Amino acid sequence: MKKTFKFTALLFMFAMLTITLQSCKRDPSIMKIFVRSNSNQLESNAKVIIVGDVNSTPATKAYVDTLFTNSTGFATFDMTDYFGEKPPKGEVGYFDIIVKKDTRVGYGRIRCRANITNVETVIMEP
């Protein structure tokens, strides 16, 4: 009887620990940048550069990353490297966006929050 009770208690504690650890998972920190032409068409293969704005309030850490838009016209930046695995609640960063394709260029700005998918659209000038 004692062995059964100990085994049941141990199994219950293991189940509670597993549930607790799974509930600690946080959503990923993603920045999704859509690129459109001045005629509102999504642009594939456009170069998207994000630069951390170190002069913002609160200050953003220095950060630069570059990707190209996919066939559907957006680039997805995984911001885990910027925020870390377990960022403090409510941590934010401000980034300037530069988009280039051929001779066209576009500029934008985005506020990126930890554990959220942040979305911005940049329209390129003709």
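Residues numbered from 1 in each chain as written. Predicted model: local features only at pLDDT ≥ 70, side-chain atom pairs only at ≥ 80, totals over all residues. Heavy atoms only, no water.

Visitor: Could you clarify how one ought to interpret the overall build of the protein chain in this entry?
Guide: Broken down by element type, the protein chain carries two helices and seven strands. Written out in order from the N terminus, the α and β elements of the protein chain read α-β-β-β-β-α-β-β-β. In the protein chain, once contacts between residues fewer than 6 apart in sequence are set aside, the share between residues at least 24 apart is 55%. (Helix = DSSP H or I, 4+ residues; strand = E, 2+ residues; numbered from the N terminus. Contact = heavy atoms within 4.5 Å.)

Visitor: Teacher, can you tell me more about the nonpolar core here?
Guide: By size, the foremost hydrophobic cluster in this structure holds 20 residues, and its most contacted members are Met31 and Met79. Listing elements by their share of this core, those giving two or more residues are strand S1 (30-36), strand S2 (47-52), strand S4 (74-78), helix H2 (80-83), strand S5 (92-101) and strand S6 (104-113). Apart from the residues lying within four places of it in its own chain, the contact partners of Met31 are Ile50, Ala75, Thr76, Phe77, Met79, Phe95, Ile110, Cys112 and Asn118. (Core = buried A, V, L, I, M, F, W, Y, C linked by side-chain atoms within 4.5 Å. Buried < 20%, exposed > 50% of the residue type's maximum accessible area, 1.4 Å probe, protein only.)

Visitor: Where do I start with the pattern of salt bridges in this structure?
Guide: One side chain can pair with another of opposite charge once the charged atoms of both are near each other. Under the criterion given, the structure shown has four salt bridges. Across the salt bridge formed by Glu43 and Arg104, the nearest N and O atoms sit 3.2 Å from each other. With Glu43 in the loop between S1 and S2 and Arg104 in strand S6, the pair connects residues that are 61 residues apart, well separated along the chain. Taking the relative accessible area as the measure of exposure, Glu43 reaches 10% and is therefore buried. Put simply, Glu43, Lys101 and Arg104 are held in one network by salt bridges that share partners. (Salt bridge = Lys/Arg side-chain N within 4 Å of Asp/Glu carboxyl O.)

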